[in-house]
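# A structural walkthrough
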Amino acid sequence: MPELPEVEAIKVQLEKFLLNKKIVSIDVINRKVFQGDEKKLIGGLVKKVRRFGKVTSIDLSNGYSILTHVKLTGQYIYRGPELKSEILSKKVIGGIPGVHTHLIIKFDKGILYYNDVRRFGWIRVIKTSQVENEPFIKKLGPEPFKNLTFNIFEEILLKTKRNIKTLLMDQSKLSGVGNIYANDALWLAKIDPRRQADSLSSLEALSLFKAIEMVLKSGLKYGGASELAFVTPDGGEGQYQNYSLVYGHEGEICKSCKINKIEKFFLGGRGTYICPVCQK
DNA sequence: TGATATGTTATCTT
DNA sequence: CAAGATAACATATC
């Protein structure tokens, strides 16, 4: 769920709420999700928040960074003086703090909670200078809007016979796209997700490249998709699920041809939605 | 009650 | 050997 637009929404709000605030204490409730020495973070001021694909880095003034991946159900929720009205999505199961709260960071003003029902997410303390050398970040492929050009995209497609949808979601090939936006981009480009990546014509590849940018832009515009567990640090939800093109629309009429029903099947173990007539 | 949701990785297979 | 396919992770929800 949290893909490029969702993680960007987290990044933007964390920066908005935490910039220039000082960490005064850290409570690591669950070591499973936390790696490193939290004492290194105490006293640091938040100077910048960066995003690499689906990973966020909170950079501090003391040379350390908090690198974090929320995976499927990780949630960062902030409570502090600048929240005009305190909303808390019911997707925050157990509340804050609650049974699923694994980390609490207290700032001079405000508190940040990390909740994660399934505990797949992780938080790492590393030196800021090492963020870009972190193995996870190092193996990320180029990212849309950043360093993914059409030429690079086409080269990636031609290198493999894997199905195009699985390739789009492979973070080592291109970063940021997950299941929701892969489904929507392929529908928008009218390409069957089962096609071998290297079988796409140059024109089809260009259409898909543009479609990826379009659906990601739409996701960014609506603050991400909150189908499952995604919430923003202010406690609110994204709205993209109300504007998605095919993802989650099984059995509904295709928005393009307005005739055929959207079908769902599994591809690479992931839910895949298509219009069987529009997508070739 | 058991099937379902998904990001990533370890492991198995071709 | 390498690329690709699949299972595993954990648990709330329907």
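Residues numbered from 1 in each chain as written. Chains lettered and ligands numbered in written order. Predicted model: local features only at pLDDT ≥ 70, side-chain atom pairs only at ≥ 80, totals over all residues. Heavy atoms only, no water.

Chain A appears in an unreviewed UniProt entry as Formamidopyrimidine-DNA glycosylase from Candidatus Woesebacteria bacterium GW2011_GWC2_31_9. UniProt annotates chain A under Sequence similarities (unreviewed entry) with the comment "Belongs to the FPG family." Its UniProt record gives chain A a comment under Subunit (unreviewed entry), which states: "Monomer." (UniProt positions renumbered as here; feature names shortened; annotations may be inferred.)

### Some remarks on unusual backbone geometry
Put simply, Ile96 and Pro97 share a cis peptide bond, and its omega is -15 degrees. With respect to the secondary-structure elements, Pro97 resides in the loop between strand S6 (74-79) and strand S7 (101-107). In the Ramachandran plot, Lys190 falls in the positive-phi region, its phi being about 60 degrees despite a non-glycine side chain. Here Lys190 is to be found in the loop between helix H5 (179-188) and helix H6 (202-221). The exposure class assigned to Lys190 is partly exposed, which follows from its relative accessible area of 40%. With a phi angle near 60 degrees, Lys258 is a residue other than glycine that sits in the positive phi range. Mapped onto the secondary structure, Lys258 falls in the loop between H6 and strand S10 (263-267). (Helix = DSSP H or I, 4+ residues; strand = E, 2+ residues; numbered from the N terminus. Buried < 20%, exposed > 50% of the residue type's maximum accessible area, 1.4 Å probe, protein only.)

### Details of the protein's contact with DNA strand B
The full set close to DNA strand B counts 17 residues, and His69, Leu72, Tyr247, Lys264 and Arg270 are the nearest of them. Near the protein, meaning within 4 Å, the atoms of DNA strand B are sugar or phosphate in a fraction of 65%, with bases accounting for the rest. Those elements that place two or more of their residues in the surface near DNA strand B are S10 and strand S11 (270-274). Taken together, the residues of the surface near DNA strand B sort by class into six nonpolar, four polar and seven charged. (Near = heavy atom within 4 Å. Nonpolar A, V, L, I, M, F, W, Y, C, P; charged D, E, K, R; others polar.)

### A closer look at the protein's contact with DNA strand C
If you check the shell around DNA strand C, you find Ile93, His100, Val117, Arg118, Arg119, Phe120, Thr160, Lys161, Arg162 and Arg270 and nothing else. A breakdown of the atoms of DNA strand C within 4 Å of the protein gives sugar and phosphate a share of 67%. Side-chain polar atom of Arg118 to a base nitrogen of DNA strand C: 2.3 Å apart, as the coordinates give it. (Polar contact = N/O pair within 3.5 Å; in protein donor to acceptor, adjacent residues only side chain to side chain.)

### Here we look at the UniProt feature "domain: Formamidopyrimidine-DNA glycosylase catalytic" (unreviewed entry) in chain A
UniProt annotation of "domain: Formamidopyrimidine-DNA glycosylase catalytic" (unreviewed entry) refers to residues 2-121 when read in the numbering used here. Secondary structure across residues 2-121 comprises 12% helix and 38% strand; the distance between its end C-alpha atoms is 11 Å.

### As for the pattern of salt bridges
Counted by the stated rule, this structure contains 17 salt bridges. The partner of Arg51 in a salt bridge is Glu8, with the nearest N and O atoms 2.6 Å apart. Of the two residues, Arg51 is situated in strand S3 (residues 46-52) and Glu8 in helix H1 (residues 4-18); the sequence distance between them amounts to 43 residues. Between Lys161 and Asp198 there is a salt bridge, with the nearest N and O atoms lying 3.1 Å from each other. Taken together, the positions of Lys161 in the loop between helix H3 (150-158) and helix H4 (164-169) and Asp198 in the loop between H5 and H6 put the pair 37 residues apart, joining distant regions of the chain. Take Lys161: its relative accessible area is 59%, and that puts it in the exposed class. You can call Asp198 partly exposed: its relative accessible area is 23%. (Salt bridge = Lys/Arg side-chain N within 4 Å of Asp/Glu carboxyl O.)

### Structural notes on the sheet that holds strand S4 (residues 55-60)
One open sheet holds the five strands; their spatial order is S2-S9-S5-S4-S3, and the pairing between them is mixed. Single-partner strands in this sheet number two, and they are strand S2 (34-35) and S3. Sheet topology places strand S5 (residues 64-69) next to strand S9 (residues 122-127); six bridges connect them, and they run antiparallel. Within S9, the residue paired with Ser65 across the bridge is Ile126. Contacting S3 and S4, H1 runs over the sheet at an angle of about 175 degrees to S3. (Pairing = 2+ DSSP bridges. Contact = heavy atoms within 4.5 Å. Axes fitted to C-alpha atoms, helices over the stretch in contact; angles between N-to-C directions.)

### A word on the sheet that holds strand S8 (residues 111-116)
Two orientations exist for strands paired in a sheet by backbone hydrogen bonds: parallel and antiparallel. Reading across the sheet, the four strands line up as S1-S7-S8-S6 and stay open at both edges, with antiparallel pairing between neighbours. Each having just a single partner strand, strand S1 (23-28) and S6 make up the two edges of the open sheet. Neighbour-to-neighbour, the strand axes of the sheet open up by a mean angle of 15 degrees, direction not taken into account. In terms of strand pairing, S1 meets S7 through five bridges, oriented antiparallel. Within S7, the position partnered with Val28 by the bridge is Leu103. Together, S6, S7 and S8 form the strand contacts of H1, whose direction differs from that of S6 by roughly 25 degrees.

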